[in-house]
Amino acid sequence: MDCCWAAARYWRQASRRPDNWPPARGVPVFANRFSARMACGGGRFAPQRLAYFPEPAEAMLAGLKHLILVESVPPVSFFGYPGRRSYLAPEDCAFHVLAPIEGNGTEALAALVEECGVESYRPAAPEIPRPALPEGAGLTPDTIGQALASLLPEGSIVSDEMVSSGEAVLQHLASAASYDLLPITGGAIGQGLPLAMGAALACPGRKVIALEADGSGMYTLQSLWTMGAGAAGCGDGDPGESPLPHSGYRDAKDRRR
Ligand SMILES: Cc1ncc(C[n+]2csc(CCOP(=O)(O)OP(=O)(O)O)c2C)c(N)n1
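Rules and cut-offs
Residues numbered from 1 in each chain as written. Predicted model: local features only at pLDDT ≥ 70, side-chain atom pairs only at ≥ 80, totals over all residues. Heavy atoms only, no water. Buried < 20%, exposed > 50% of the residue type's maximum accessible area, 1.4 Å probe, protein only. Helix = DSSP H or I, 4+ residues; strand = E, 2+ residues; numbered from the N terminus. Arc of directions from axis to C-beta. Polar contact = N/O pair within 3.5 Å; in protein donor to acceptor, adjacent residues only side chain to side chain. Pairing = 2+ DSSP bridges. Axes fitted to C-alpha atoms, helices over the stretch in contact; angles between N-to-C directions. Contact = heavy atoms within 4.5 Å. Core = buried A, V, L, I, M, F, W, Y, C linked by side-chain atoms within 4.5 Å. Domains from an automatic or database assignment. Near = heavy atom within 4 Å. Areas by Shrake-Rupley, 256 points an atom, 1.4 Å probe, with all protein chains shown as cover. Nonpolar A, V, L, I, M, F, W, Y, C, P; charged D, E, K, R; others polar. Patch = residues over 30% accessible without salt bridge, like charges linked within 9 Å, V, L, I, M, F, W, Y side chains within 5 Å. Salt bridge = Lys/Arg side-chain N within 4 Å of Asp/Glu carboxyl O. pLDDT = per-residue confidence, 0-100. Lys, Arg positive; Asp, Glu negative; His and termini not counted.

1. Digging into helix H3 (residues 105-115)
Of the positions making up H3, those classed as buried are Gly105, Ala108, Leu109 and Val113. Along the long axis of H3, the arc covered by the buried residues comes to 140°, so they all point the same way. Among the exposed residues of H3, those oriented more than 90 degrees off its buried face are Glu107, Glu114 and Glu115. Residue Asn104 occupies the N-cap position of H3, its side-chain oxygen lying 3.2 Å from the main-chain nitrogen of Thr106. Phi turns positive one or two residues past the end of H3, at Gly117, with a value near 70°.

Structure (C-alpha cells):
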C-alpha cells in the first residue's frame with residue numbers, strides 16, 4: 001500500500017469536518033519520491049511528492065518540527081553531495097514512526113483514527129472532468145502533460161524517467177484517469193525504458209507509457225529494440241509510448257511483413 005495515500009484519505013475526512021478534528025487541518029501529507037509504485041489520478045487525493053533534487057525537497061520540508069512516518073523512512077537525498085546533509089528534513093525535525101517500512105500502515109492509521117475518536121469512512125472519488133487537448137501548441141512539458149491528462153486510458157501504467165521535466169508534466173495528471181506511476185527509484189538513470197517493457201510484459205492488458213528524458217534513455221536504448229521488435233506479444237505498436245521522436249524501426253516493420 002502507499003502509506004501517504006492512507007494518510008491522505010483520513011486527513012481528507014478530517015479536513016471535511018473541521019469541527020470534529022481541528023488539529024488535523026493544514027497537515028501537509030508527503031509521498032516518498034522514490035516509492036516504486038504509486039496509485040494516482042482518478043480523482044484521488046494527491047499527496048505532495050517530495051522533489052527529486054535536494055534543494056527543492058529541502059524547501060518543501062523547511063520549518064517542519066515533526067514528521068510522522070508511515071511505512072517510510074526519513075527522506076534522504078538520492079545522491080551524497082559533498083558539503084550537504086543527506087537528510088532532507090530540518091536538523092531539529094523529530095521523526096515519529098507510526099508504522100515501520102515493513103509494517104501495516106493502513107492498520108496503524110485506522111488505529112490512529114479510532115484513537116482520535118474520528119468516524120472512519122472512505123470518501124467517494126470526485127468526478128474530475130478530463131481537460132481538453134491543447135490546441136495549436138508546441139510540444140512542451142506542459143502540453144505533454146495536458147495531452148496525457150486528456151487521453152490517458154483508465155488503468156494505464158506510467159514509467160517516469162523525465163528527470164528535470166517530470167514535475168511540469170506530472171502536475172497535469174491530477175485530473176487524469178486512474179493510473180499507476182512507476183517513478184525512477186534513485187539517482188542512477190536508465191531504468192525508465194526497461195521498466196516500461198517489464199510492466200508491459202507483466203500487465204499485457206494495460207496501456208504502458210514511458211515518459212523518458214533523452215539522456216536517461218540513452219543508457220538502455222536496447223529496450224526500444226525490444227519494444228519495436230514486438231517482444232512477447234507486446235508489439236503491434238503498443239508496448240509503451242514515448243514522446244521521444246521515435247516513429248518505429250523500419251527494419252522491425254520489414255521483418256514482420
Ligand atoms: C547510471 C548513471 N550515470 C550517470 C549519471 C549522471 N547523470 C545525472 S543526470 C544525467 C543526465 C540526465 O539527462 P536527461 O535524462 O536528459 O535528464 P535532464 O537532466 O536533461 O532532465 C547524468 C548522465 C547518473 N545519474 N546515473
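There's plenty left to go through after this.
2. A few points about the sheet that holds strand E8 (residues 208-212)
Spatially, the four strands line up as an open sheet ordered E2-E7-E6-E8, and their pairing is mixed. Strands with a single pairing partner mark the edges of an open sheet, and in this sheet they are strand E2 (38-40) and E8. Pairs of neighbouring strands in the sheet enclose a mean axial angle of 25°, with direction left out of account. Summarising the sheet, strand E6 (residues 156-161) and E8 pair through five bridges and their orientation is parallel. If you follow Val158 over to E8, its bridge partner there is Ile209. Against the sheet, helix H6 (residues 192-202) touches E6, strand E7 (179-183) and E8, its axis set at about 180° to E8.

3. Quick look at unusual backbone geometry
Positive phi is not limited to glycine here, since Glu71 has a value of about 50°. Secondary-structure assignment places Glu71 in the loop between strand E4 (66-70) and strand E5 (94-99). The backbone of Val163 sits at a positive phi, close to 50°, despite the residue not being glycine. Mapped onto the elements of the fold, Val163 is located in the loop between E6 and helix H5 (166-170).

4. A few points about H6
Among the residues of H6, those classed as buried are Gly192, Leu193, Ala196, Met197, Ala199 and Ala200. Along the axis of H6, the buried residues cluster in a sector spanning 160°; they form a single face. In this fold, the buried residues of H6 make contact with E6, E7, E8, helix H7 (214-217) and helix H8 (222-228).

5. A closer look at the nonpolar core
In this structure, Leu148, Leu152, Leu173, Tyr179 and Leu211 are the most contacted members of the largest nonpolar core, which totals 17 residues. Secondary structure elements with two or more residues in this core: E2, helix H4 (141-151), H5, E7 and E8. It is H4 that provides the largest number of residues to this core, a total of three residues. Residue contributions to this core reach at least three from each of two domains, namely domain 1 (5-115) and domain 2 (141-256). Setting aside residues no more than four positions away along its own chain, Leu148 makes contact with Val169, Leu173, Ile209 and Leu211.

6. As for the site of the ligand
Inspection of the region around the ligand gives Phe79, Met162, Val163, Ser164, Gly187, Ala188, Ile189, Ala213, Asp214, Gly215, Ser216 and Tyr219 as its neighbouring residues. At a separation of 2.8 Å, an oxygen atom of the ligand approaches a polar side-chain atom of Asp214. Contacts to the ligand include Gly215, whose backbone N or O atom sits 2.9 Å from an oxygen atom. With the chains in place, 57% of the 580 Å² that the ligand exposes on its own is no longer accessible. Split into classes, the residues belonging to the shell around the ligand amount to seven nonpolar, four polar and one charged.

7. Here we look at a nonpolar patch on the surface
A contiguous nonpolar patch, built from Ile189, Met218, Tyr219 and Leu221 and spanning about 430 Å² of accessible area, is present on the exposed surface. Following the sequence through the fold, Met218 ends up in the loop between H7 and H8.

8. A short note on the pattern of salt bridges
The full count for this structure, using the stated rule, is six salt bridges. A single network of salt bridges, built from pairs that share partners, joins Arg37, Asp180 and Arg206.

9. Brief notes about the confidence of the model for the chain
Looking at the chain, the pLDDT average stands at 82 and 76% of residues meet or exceed 70. Here residues 233-237 is modelled with pLDDT under 50, and outside its nearest four sequence neighbours on either side it reaches eight contacts, counting other chains as well. In the predicted structure, residues 241-251 sits below a pLDDT of 50 and forms 19 contacts with residues beyond four places in sequence or in another chain.

10. Some points on the side chain of Arg49
Note that Arg49 resides in strand E3 (residues 48-49). Asp160 provides the closest opposite charge to the buried, unpaired Arg49, separated from it by 4.3 Å. Setting aside residues up to four positions removed in sequence, Arg49 forms contacts with Ala31, Arg33, Met38, Met60, Asp160, Leu170, Leu181 and Pro183.

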